2 protein chains.
Amino acid sequence: MRMPGEAHAVVRRTHQERVLRALRERGALSRGEIADAVGLSRTTISEITRDLLRDGAVVVVDTDAAQRAGSGRPAERLALDPDSGQFLGVDFGHRRVRVAIADASHEVVASGGQPYSDSAGWPERIRTAFDLIDRLGDERGLHFRALHGIGIGVTGPHPRSSAPHAPEGAFGPGFAAARDDVDVAFAERFGASVIVDNNTRFAALAEALAGDADAENLLYVRLSDGVGGALVIGGRIVAGATGLAGELGHVTVVPGGARCRCGKDGCLETVASVPAVLAACRERGADVGSLDDLARSRDPVVERVLRDTATALGRALGAVAMVFNPAEVVIGGEIARLAPVLVEQVAETAGRELFPWVAAKPRVRCARLADDDGALGALAALFRRSPLLTDHPETAPIRALPA
Amino acid sequence: MRMPGEAHAVVRRTHQERVLRALRERGALSRGEIADAVGLSRTTISEITRDLLRDGAVVVVDTDAAQRAGSGRPAERLALDPDSGQFLGVDFGHRRVRVAIADASHEVVASGGQPYSDSAGWPERIRTAFDLIDRLGDERGLHFRALHGIGIGVTGPHPRSSAPHAPEGAFGPGFAAARDDVDVAFAERFGASVIVDNNTRFAALAEALAGDADAENLLYVRLSDGVGGALVIGGRIVAGATGLAGELGHVTVVPGGARCRCGKDGCLETVASVPAVLAACRERGADVGSLDDLARSRDPVVERVLRDTATALGRALGAVAMVFNPAEVVIGGEIARLAPVLVEQVAETAGRELFPWVAAKPRVRCARLADDDGALGALAALFRRSPLLTDHPETAPIRALPA
């Protein structure tokens, strides 16, 4: 007897979202006007608005007494409550937490970040996040009485249990620390349901929504302290059979090459991470700030290093793109921002690995979103949990955001 | 106003499927018994059974007069109509068509095949399929009065328009022939809705359902005249942004290697297709029949060729599996059947390309299904179109089939 409850919940959520959308698009409406706008019965609308009022998603703003010609009882007019934080997106990186808050209409109404040390344990990270959320709420006059959901991005594979024998530090400094109760801590504090996933996956989902309309199939790679990756297929994050999907950084690109922190040899991460690229450019004194200048001024060492990196990355991305056929390949992380020449070279190499006709070639581009990407993607994942809205453009609110 | 219709259709299909499942599991039932079994109102059950009777999916078998103690009017008892073919799966290969027919309860009730020449045009192929379907229907006393759907597998990328500039023969002899109206021909003949996709993708879906219960994430490769591939993620076929997903055969494995029929150099297909393997073993007079014997008797040339093939294939599969984290990697096609030693070697190589812990390693196995795989997968894809049943084990009927 599992299905009837589920089918009912699907229909109810769909109805709720149609009412919220009508209020977002048209502003304050009476219950009768809502019923006409969404094509549901007055009885159904009464039930839905009762729940939305109870949850603090909408408020009564006035009555239609002023506009009324007739003599009947004035009807209340309802509107979205702009002061109600309804969704929380949280991204725990290695050295900072970012938070984005969306209201009932899926509009992002506040966001911010707070650093911590990369040796900070989970109690401290969670405390930092709670303080940040309180501060953002106070600044904007937001309250969190009726959170619909919380999305939390973390580093490393998810679920954690998928990599029980990963060597210490294999997925960066924050990974080894226990984070098994981060969801419980948030659920208890806010009384809302929580989803947890890898923050690079959330960033990829945010990029898919921030990109062109048909970029629901996207391959994402982030060149940072390590090399992370993620896939979005049909607008959904791919987790894989054991939560390990997306580990593009550990595809072998140099058979028998340098030992990687994961325990394998010659992984993409050993040639394309920020530390690997800077180490290879050491003799030119390159740092993250001077990399693109050195490349553009045709410094031969830096040029060669970036070309080798681009070749390794382009081949790996090309092979994966041959199998996944994404609409876009997005390159994020510091290097992509600081050495855009790399992106051009990757596009060229990856293109040669693909069928020699146009429909086979994805667009290759730099990431568009800034450090908020993980928190925004966590929000998008929450919005997308409504199965009937999955294919609806309405679930792509990221477009409206300042990057 | 698109949503209400959709939501309603989802709920109606879900209800229909629950009624069909109850009849499949319990045999003949009265409307009252059905209502109790599935937890829906008598009114709703009356509407659903009216539609199912109209469509020929169920029939009235008797009344409960014999068992009744009271004096009321005897109730009709309904059962699935075993003589009703409700779903057609069709697989147009390069040199034959295969058909599988399922009844309303998703049980496969008939299947068969018919050869044609690989130069046969689409009118001939379609005629061959229609004749085969008529013959199977006559033999089993099946009728096709109320088909719920038809799934058609074809060779080459789908949609066809995704590869407009593919060189002649890039995807095998059948691909260049126009097949744009195959769906129209079937829709007109049977008055049912049609889905069309690549037949390797359908085979992969069938293998996912024929495999272990958690193999909803599967990477499939077929070593045949060419090398085809397909991905199943979360129980769904991956088509890609332009219908080109799965082309594992055209991942570069030998940079600067032999020219492939697709126009690129050093594709996996140039070393792992049946013709490529046999050509490399030519000096030992190997054919598809003697390949495994020669390998097992440690013929040095054949051993080396198979090892090289396994290494190339294992590396490509390992790289893709690192990004997509499948539960299973399935190797199909003649070579996998004829030289199982290859599968062992591929598993070893692919395993080395993956994280050195157990949860990161997919099971690598031979395909379990025979030549029916494409037609069975087309059926499974039809069954899976019901969104609320997607995650339900009930939608995995392939398990019950003789391979």
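The coordinates are above.
Just so you know, these numbers come straight off a predicted model, no measurement behind them.

*Asks:* So what's going on with the overall build of chain A? Residues and values would help.
*Replies:* Helix and strand content of chain A: 13 helices and 13 strands. Burial statistics for chain A: of 403 residues in total, 59% are counted as buried. Residue pairs in contact within chain A that sit at least 24 positions apart in sequence constitute 63% of those at least 6 positions apart. Accessible surface computed for chain A: about 15,900 Å², of which carbon and sulfur atoms make up 49%.

*Asks:* Give me the nonpolar core: which residues, what numbers.
*Replies:* If you look at the biggest cluster of nonpolar residues, it comprises 103 residues, and the most contacted ones within it are Leu-223 and Phe-324 of chain A together with Leu-223 of chain B. In terms of nonpolar packing, the next biggest core, distinct from the first, is built from 28 residues, Ala-110, Ile-126, Ile-133 and Ile-152 of chain A among them.

*Asks:* I'd like to hear about the pairing of strand β3 (residues 76-80) of chain B, residue by residue, with values.
*Replies:* Regular strands have side chains that alternate between both faces of the sheet. Residues and elements named next belong to chain B. Buried residues dominate β3, accounting for four of its five residues. When strand β1 (residues 29-30) meets β3, the two strands line up antiparallel, connected through two bridges. If you follow Leu-29 over to β3, its bridge partner there is Leu-78. The sheet contact formed by strand β2 (residues 58-63) and β3 spans five bridges and is antiparallel. Residue Val-60 lies in a different strand from β3, and its bridge partner there is Leu-78.

*Asks:* Describe the side chain of Asp-103 of chain A, listing the residues and the values that go with them.
*Replies:* Residue and element names in this part refer to chain A. Looking at the secondary structure, you find Asp-103 in the loop between β5 (96-102) and β6 (108-115). Among the residues examined, Asp-103 registers a relative accessible area of 8% and is labelled buried. Setting aside anything within four residues of it in sequence, one finds Asp-103 in contact with Ser-84, Gln-86, Phe-87 and Val-109.

*Asks:* Mind laying out the sheet that holds strand β3 (residues 76-80) of chain A, listing which residues take part and the relevant values?
*Replies:* All names here are of chain A. Taking strand neighbours across the sheet as the criterion, the three strands line up as β1-β3-β2 in an open arrangement whose pairing is antiparallel. A strand with exactly one partner marks an edge of an open sheet, and here the two such strands are β1 (29-30) and β2 (58-63). Here helix α3 (residues 42-54) sits on the sheet in contact with β2 and β3, set at roughly 110° to β2.

*Asks:* How would you explain the packing of helix α6 (residues 199-210) of chain A against helix α13 (residues 373-383) of chain A if you had to name every residue and give the values?
*Replies:* Residues and elements named next belong to chain A. Contact geometry for α6 and α13: axes closest at 7 Å, N-to-C directions at 75°. Classified by the angle their axes make, α6 and α13 are roughly perpendicular. For the pair α6 and α13, contact is made by Asn-199, Phe-202, Ala-203, Leu-205, Ala-206 and Leu-209 and by Asp-373, Gly-374, Leu-376, Gly-377, Ala-378, Ala-380 and Ala-381, respectively. Residue classes in the contact of α6 with α13 are distributed as nine nonpolar, three polar and one charged.

*Asks:* Could you give an account of the sheet that holds strand β9 (residues 218-223) of chain A, naming the residues involved and the relevant values?
*Replies:* Residue and element names in this part refer to chain A. Sheet architecture is open: five strands sit in the order β11-β10-β9-β12-β13, paired in mixed fashion. Among the strands making up the open sheet, the edge pair consists of β11 (236-237) and β13 (363-366). Bridge count between strand β12 (residues 328-332) and β13: four bridges; the pairing is parallel. Within β13, the position partnered with Val-330 by the bridge is Arg-365. Seen against the sheet, helix α10 (residues 300-324) touches β9, β10 (227-233) and β12 and runs at an angle of roughly 160° to β9.

*Asks:* Account for the packing of aromatic side chains, naming residues and giving values.
*Replies:* Counting across every chain of the model gives 17 aromatic pairs over all chains. Ring centres of Phe-92 of chain B and Trp-122 of chain B lie 4.8 Å apart, and the angle between their planes is 75°; this geometry places the pair in the edge-to-face category. Of this pair, Phe-92 of chain B sits in strand β4 (residues 87-92) while Trp-122 of chain B sits in helix α4 (residues 122-140), and the two are 30 residues apart along the sequence. Look at Phe-92 of chain B and Phe-186 of chain B: their rings are 6.1 Å apart centre to centre, the planes differ by 75°, and that puts the pair in the edge-to-face class. Here Phe-92 of chain B, found in strand β4, pairs with Phe-186 of chain B, found in helix α5 (residues 182-190); they are 94 residues apart in sequence, far enough to count as distant. Overall, Phe-186 of chain B belongs to the buried group, its relative accessible area being 0%. Pairwise contacts between aromatic rings join Phe-92, Trp-122, Phe-130, Phe-144, Phe-186 and Phe-190 of chain A into one cluster. If you follow Arg-189 of chain A out to its NZ or CZ, it ends over the ring of Phe-130 of chain A, 4.8 Å from the centre.

*Asks:* Outline helix α12 (residues 340-352) of chain A, listing residues and values.
*Replies:* Here α12 of chain A is 13 residues long and its end C-alpha atoms lie 19 Å apart, about the 18 Å a rise of 1.5 Å per residue gives. Of the positions making up α12 of chain A, those classed as buried are Val-341, Leu-342, Val-343, Val-346, Thr-349, Ala-350 and Gly-351 of chain A.

*Asks:* If you had to explain the environment of Ala-75 of chain A to someone new, which residues and values would you point to?
*Replies:* Residue and element names in this part refer to chain A. Secondary-structure assignment places Ala-75 in the loop between β2 and β3. For the pair Ala-75 and Thr-63, spaced twelve residues apart in sequence, the C-alpha to C-alpha distance is 5.3 Å. Apart from the residues within four sequence positions on either side, Ala-75 is in contact with Ser-30, Asp-62, Thr-63, Asp-64 and Arg-68.

*Asks:* I'd like to hear about unusual backbone geometry, residue by residue, with values.
*Replies:* The phi dihedral of Asn-325 of chain A falls on the positive side, at around 50°, and the residue is not glycine. Structurally, Asn-325 of chain A can be placed in the loop between α10 and β12. For Asn-325 of chain A, a relative accessible area of 3% puts it in the buried group. Within the chain, Arg-298 of chain B stands out as a residue other than glycine whose phi angle is a positive 60°. Summarising the element assignment, Arg-298 of chain B is placed in the loop between α9 (291-296) and α10 (300-324).

*Asks:* Tell me what's going on with the side chain of Arg-98 of chain B, and back it up with residues and numbers.
*Replies:* All names here are of chain B. With respect to the helices and strands, the residue Arg-98 is situated in strand β5 (residues 96-102). Separated by 2.8 Å, the side chains of Arg-98 and Asp-372 make a polar contact. Sequence-distant contacts of Arg-98, that is, excluding residues within four places in its chain, are made with Gly-89, Val-90, Asp-91, Gly-112, Gly-113, Asp-371, Asp-372 and Ala-375.

*Asks:* Please give an account of the pattern of salt bridges that cites residues and values.
*Replies:* All names here are of chain A. A full pass over the atoms with the stated rule returns 48 salt bridges over all chains. Residues Arg-189 and Asp-134 are paired through a salt bridge, measuring 2.7 Å at the closest nitrogen-oxygen approach. Of this pair, Arg-189 sits in helix α5 (residues 182-190) while Asp-134 sits in helix α4 (residues 122-140), placing them 55 residues apart in sequence. Taking the relative accessible area as the measure of exposure, Asp-134 reaches 31% and is therefore partly exposed. In this structure, the salt-bridge partner of Glu-139 is Arg-135, at a minimum N-O distance of 3.3 Å.

*Asks:* Requested: an account of the packing of α4 of chain A against α5 of chain A, with residues and values cited.
*Replies:* Residues and elements named next belong to chain A. It is at 11 Å that the axes of α4 and α5 come closest, and there the two elements cross at 35°. Classified by chirality, the crossing of α5 by α4 is right-handed. Along the contact surface, α4 presents Trp-122, Ile-126, Ala-129, Phe-130, Ile-133 and Asp-134, while α5 presents Val-182, Ala-185, Phe-186, Arg-189 and Phe-190. Per-class residue counts for the contact of α4 with α5 are nine nonpolar, no polar and two charged.

*Asks:* Which residues make up helix α2 (residues 31-38) of chain B, and what values do they have?
*Replies:* Regarding α2 of chain B, the residues found buried are Gly-32, Ile-34, Ala-35, Ala-37 and Val-38 of chain B. Once α2 of chain B ends, the next one or two residues include Gly-39 of chain B, with phi positive near 75°.

*Asks:* Kindly report on the pairing of β6 of chain A, identifying the contributing residues and their values.
*Replies:* Residue and element names in this part refer to chain A. Bridge count for β5 against β6 is seven bridges, and the pairing is antiparallel. Within the sheet, the bridge partner assigned to Ile-101 lies in β6 and is Ala-110. With antiparallel pairing between neighbouring strands as the criterion, β5 and β6 make up a hairpin whose turn holds five residues, including His-106 at a positive phi of roughly 75°.

Calculation criteria
Residues numbered from 1 in each chain as written. Chains lettered and ligands numbered in written order. Predicted model: local features only at pLDDT ≥ 70, side-chain atom pairs only at ≥ 80, totals over all residues. Heavy atoms only, no water. Helix = DSSP H or I, 4+ residues; strand = E, 2+ residues; numbered from the N terminus. Buried < 20%, exposed > 50% of the residue type's maximum accessible area, 1.4 Å probe, protein only. Contact = heavy atoms within 4.5 Å. Areas by Shrake-Rupley, 256 points an atom, 1.4 Å probe, with all protein chains shown as cover. Core = buried A, V, L, I, M, F, W, Y, C linked by side-chain atoms within 4.5 Å. Pairing = 2+ DSSP bridges. Axes fitted to C-alpha atoms, helices over the stretch in contact; angles between N-to-C directions. Parallel < 35°, antiparallel > 145°, perpendicular 65-115°, else oblique. Nonpolar A, V, L, I, M, F, W, Y, C, P; charged D, E, K, R; others polar. Phe/Tyr/Trp six-rings, centres within 6.5 Å; stacked < 30°, edge-to-face > 60°. Lys NZ or Arg CZ within 6 Å of the ring centre and 35° of its normal. Expected span 1.5 Å × (residues − 1). Polar contact = N/O pair within 3.5 Å; in protein donor to acceptor, adjacent residues only side chain to side chain. Salt bridge = Lys/Arg side-chain N within 4 Å of Asp/Glu carboxyl O. Left-handed = near helix turned anticlockwise from the far one by under 90°.

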